[in-house]
Amino acid sequence: MELLVGDVSGPGLAEQLISRYERHIACTRVPALRETMRRNLRQRAEAVGEAIERSGRSVHIELVRTLICAVDGSVVSALVEGRDPHTAALGTLVDLIEVLAPIDHRPVPI
């Protein structure tokens, strides 16, 4: 969950998340920074994909990016509605993970 939302144990999570999403929007206005944000999304997707693979699930990087975008959307909605962003992110993750990254039933090579 830390790869998707951040450190949820510390104080000020909502403010940290608001700042993160404000940076995302601000970077869309500066073409040179858009590539930085695209690279950041690719790196997040690779890290999340690796974590998903380690849990024995099949991973397609484009679907991981879709998962990240869905979690981001649920977090922003939770912030707007005054709900807990961590709970919203977890709910979205649980709802989508089975669909986007099903358990890989192939035998593990030795």
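Scroll up a little and you will see the structure.
Computed from a prediction, not measured in an experiment: that's the story for all the values here.

Student: Is there a simple way to explain the overall build of the protein in this structure?
Tutor: Summing up its helical and strand segments, the protein has four helices and zero strands in all. Helices (α) and strands (β) of the protein occur, in sequence order from the N terminus, as α-α-α-α. Once the C-alpha set of the protein is aligned to its principal axes, its extents read approximately 45 × 35 × 20 Å. Counting all 110 residues of the protein, 29% fall into the buried class. Accessible surface for the protein amounts to roughly 7200 Å². Of this, 59% is attributable to carbon and sulfur atoms. Averaging the coordinates of the 13 positive side-chain charges in the protein and doing the same for the 15 negative ones gives two points 7 Å apart.

Student: Any chance you could explain helix 1 (residues 13–28) here in plain terms?
Tutor: Given 3.6 residues to a turn, an α-helix orients residues that are three or four positions apart in the same direction. In a regular helix each residue adds 1.5 Å, so 16 residues correspond to 22 Å; helix 1 covers 23 Å between its end C-alpha atoms and thus fits that length. For helix 1, the full list of buried residues reads L13, L17, R20, Y21 and C27. Projected down its long axis, helix 1 shows its buried positions confined to an angular sector of 120 degrees, all on one face. Turned more than 90 degrees from where helix 1 packs its buried face, E15, E22 and I25 sit exposed. At its buried positions, helix 1 is contacted by helix 2 (31–54), helix 3 (61–81) and helix 4 (85–100).

Student: Hey, could you run me through the packing of helix 2 against helix 3 in this one?
Tutor: The relative placement of two packed helices is expressed as an angle between their axes plus a distance between the axes. Contact geometry of helix 2 with helix 3 gives a least axis separation of 9 Å together with a crossing angle of 105 degrees. Here helix 2 is positioned roughly perpendicular relative to helix 3, judged by the angle of their axes. On helix 3, the residues that touch L41, R42, R44, A45, E46, V48, G49 and I52 of helix 2 are I61, V64, R65, L67, I68 and D72. For the contact of helix 2 with helix 3, the per-class residue count stands at eight nonpolar, one polar and five charged.

Student: Could you clarify how one ought to interpret the state of the cysteines in this entry?
Tutor: By definition, a disulfide links the sulfur atoms of two cysteines through a covalent bond. Across all of its chains, the model carries zero disulfides by this definition. C27 carries a free sulfur, and the closest cysteine sulfur to it, the one in C69, is 15 Å from it.

Student: Which parts of the structure should I look at to understand the nonpolar core?
Tutor: Soluble globular proteins tend to pack their nonpolar side chains together in the buried interior. L4, V5, I52, L67, I68, V71 and V75 are the most contacted members of the largest nonpolar core, which totals 19 residues. Looking at this core, the elements with two or more residues in it are helix 1, helix 2, helix 3 and helix 4. Per element, the largest residue contribution to this core is five residues, and it comes from helix 3. The contacts of L67, once residues within four sequence positions are left out, are I52, L93, L96, I97 and L100.

Student: Can you walk me through the environment of E35 in this structure?
Tutor: Relative to the helices and strands, E35 is located in helix 2. A C-alpha to C-alpha distance of 28 Å links E35 and G12, two positions 23 residues apart in sequence. For E35, the side chain forms a polar contact with the side chain of R42, separated by 3.0 Å.

Calculation criteria
Residues numbered from 1 in each chain as written. Predicted model: local features only at pLDDT ≥ 70, side-chain atom pairs only at ≥ 80, totals over all residues. Heavy atoms only, no water. Helix = DSSP H or I, 4+ residues; strand = E, 2+ residues; numbered from the N terminus. Buried < 20%, exposed > 50% of the residue type's maximum accessible area, 1.4 Å probe, protein only. Areas by Shrake-Rupley, 256 points an atom, 1.4 Å probe, with all protein chains shown as cover. Lys, Arg positive; Asp, Glu negative; His and termini not counted. Charge placed at Lys NZ, Arg CZ, Asp CG, Glu CD. Expected span 1.5 Å × (residues − 1). Arc of directions from axis to C-beta. Contact = heavy atoms within 4.5 Å. Axes fitted to C-alpha atoms, helices over the stretch in contact; angles between N-to-C directions. Parallel < 35°, antiparallel > 145°, perpendicular 65-115°, else oblique. Nonpolar A, V, L, I, M, F, W, Y, C, P; charged D, E, K, R; others polar. Disulfide = S-S within 2.5 Å. Core = buried A, V, L, I, M, F, W, Y, C linked by side-chain atoms within 4.5 Å. Polar contact = N/O pair within 3.5 Å; in protein donor to acceptor, adjacent residues only side chain to side chain.

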